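Inside the fold
Given next are the chains, with one letter for each unit.
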Amino acid sequence: TQLLEQSPQFLSIQEGENLTVYCNSSSVFSSLQWYRQEPGEGPVLLVTVVTGGEVKKLKRLTFQFGDARKDSSLHITAAQPGDTGLYLCAGARYTGTASKLTFGTGTRLQVTL
Amino acid sequence: DAGITQSPRHKVTETGTPVTLRCHQTENHRYMYWYRQDPGHGLRLIHYSYGVKDTDKGEVSDGYSVSRSKTEDFLLTLESATSSQTSVYFCATRLGLGLATEAFFGQGTRLTVV
């Protein structure tokens, strides 16, 4: 059982469409990050949200952290083929002396012309 | 780019043999992590380290051990490889405990156990 569940698992849309990816957990996280991964590469950070209810915008991408800091969403406006990739949310929790970074199950997005 | 190098990049091994994967970083980051990536599971944490000789288990640690004798190196050992350990393994590092601290990843090691 994974702590962070993402939905949908797969998403295939056409250029110009809007989409939302969800990241849900029953656990509270100190912060939540979103990463994008290209084939054959490691994930790369897109954004970090820290405060419950926080909304951050990165060009056409809007990220929101739930009020209770258990869930997050990623909304893409007017998707482009360059948005294609695997999107991963990641929650950070302190264990007393260390910081565990737990990743979600991933959402694979394909944007076609 | 945090200068993270994983080796080997690809490996095929037989069931029952021990395998060691290496992660080397040049940025002096304190925290290092080993993940495995499988379809439908995203990245799952195997073990992590919060300093030299300081390690702890993640969610899927059974069958794996780690060692960190130097800040720059974090080794992952599959004690007796099984087919269920066929996966892509990623190493990651983080500078510190800050809430917004970014994780930097290596390019992954594709391991096949036959």
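Our structure is the block above this text.
Report follows, based on the coordinates. None of the values given here were measured: they were computed from a predicted structure.

All names here are of chain A. Within the structure shown, the criterion is met by 8 salt bridges over all chains. For the salt bridge of Asp83 with Arg60, the shortest nitrogen-to-oxygen distance reads 2.9 Å. Residue Asp83 is located in the loop between β8 (71-76) and β9 (85-94), and its partner Arg60 is located in the loop between β6 (55-58) and β7 (61-65); the two are separated by 23 residues in the primary sequence. Given a relative accessible area of 5%, Asp83 falls into the buried group.

This next bit is on the layout of surface pockets. By volume, the largest pocket amounts to about 510 Å³. Residue lining of the largest pocket: 27 residues in total, with Gln37 and Arg108 of chain A together with Gln37, Val88 and Arg110 of chain B positioned closest to the centre. Of all the secondary-structure elements, those providing two or more residues to the lining of the largest pocket are β11 (107-112) of chain A together with β4 (31-38), β9 (87-94) and β11 (109-113) of chain B. Among the elements that take part in the lining of the largest pocket, β9 of chain B stands out by supplying 3 residues, more than any other. When grouped by side-chain class, the residues that make up the lining of the largest pocket number 6 nonpolar, 15 polar and 6 charged.

This brings us to the side chain of Thr109 of chain B. Residue and element names in this part refer to chain B. Inspection of the secondary structure assignment puts Thr109 in strand β11. Here Gln6 takes part through its side chain, which lies 3.4 Å from a polar atom of the side chain of Thr109. For Thr109, the residues in contact, after removing those within four places along its chain, are Gln6, Ser7, Pro8, Arg9, Leu21, Ser87, Val88 and Tyr89.

Turning our attention to the packing of aromatic side chains. Residue and element names in this part refer to chain B. Tallied over the full model, the rule gives 11 aromatic pairs over all chains. With a centroid separation of 6.1 Å and 40° between ring planes, the pair formed by Tyr35 and Phe105 is classed as tilted. Note that Tyr35 is positioned in strand β4 and Phe105 in strand β10 (residues 103-105), a separation of 70 residues in sequence. Per residue, the accessibility class of Tyr35 equals that of Phe105, and both read buried.

To continue, consider the sheet that holds strand β7 (residues 64-70) of chain B. Residue and element names in this part refer to chain B. With antiparallel pairing, 4 strands are arranged side by side in an open sheet as β1-β3-β8-β7. Strands with a single pairing partner mark the edges of an open sheet, and in this sheet they are β1 (4-7) and β7. Recorded for the sheet is a direction-independent mean angle of 20° between the axes of neighbouring strands. Pairing between β7 and strand β8 (residues 73-78): 5 bridges, direction antiparallel.

Bringing the environment of Glu15 of chain A into the picture now. All names here are of chain A. Take Glu15: it is sitting in the loop between β2 (10-14) and β3 (19-24). Taking the C-alpha atoms as reference points, Glu15 and Val111, separated by 96 residues in sequence, lie 5.8 Å from one another. Apart from residues no more than four positions distant in its own chain, Glu15 is found in contact with Ala79, Gln80, Pro81, Val111, Thr112 and Leu113.

To continue, consider unusual backbone geometry. With an omega of -5°, the peptide bond between Ser7 of chain A and Pro8 of chain A qualifies as cis. As for its placement among the helices and strands, Pro8 of chain A is situated in the loop between β1 (5-7) and β2. Residue Pro8 of chain B is bonded to the preceding Ser7 of chain B through a cis peptide linkage, with omega at -5°. Its location among the elements puts Pro8 of chain B in the loop between β1 and β2 (10-13). One non-glycine residue with positive phi stands out, namely Arg69 of chain A, at about 60°. Of note, Arg69 of chain A is situated in the loop between β7 and β8. Positive phi values are uncommon outside glycine, yet Asn28 of chain B reaches one of about 65°. In this fold, Asn28 of chain B is placed in the loop between β3 (19-25) and β4. The exposure class assigned to Asn28 of chain B is exposed, which follows from its relative accessible area of 58%.

Cut-offs applied
- Residues numbered from 1 in each chain as written.
- Chains lettered and ligands numbered in written order.
- Predicted model: local features only at pLDDT ≥ 70, side-chain atom pairs only at ≥ 80, totals over all residues.
- Heavy atoms only, no water.
- Salt bridge = Lys/Arg side-chain N within 4 Å of Asp/Glu carboxyl O.
- Helix = DSSP H or I, 4+ residues; strand = E, 2+ residues; numbered from the N terminus.
- Buried < 20%, exposed > 50% of the residue type's maximum accessible area, 1.4 Å probe, protein only.
- 1 Å grid on protein atoms, 1.4 Å probe; cavity = no way out; pocket = protein on both sides within 12 Å on 5 of 7 lines; lining within 4 Å.
- Points joined across faces, edges and corners; volume = space filled by probe spheres on them.
- Nonpolar A, V, L, I, M, F, W, Y, C, P; charged D, E, K, R; others polar.
- Polar contact = N/O pair within 3.5 Å; in protein donor to acceptor, adjacent residues only side chain to side chain.
- Contact = heavy atoms within 4.5 Å.
- Phe/Tyr/Trp six-rings, centres within 6.5 Å; stacked < 30°, edge-to-face > 60°.
- Pairing = 2+ DSSP bridges.
- Axes fitted to C-alpha atoms, helices over the stretch in contact; angles between N-to-C directions.

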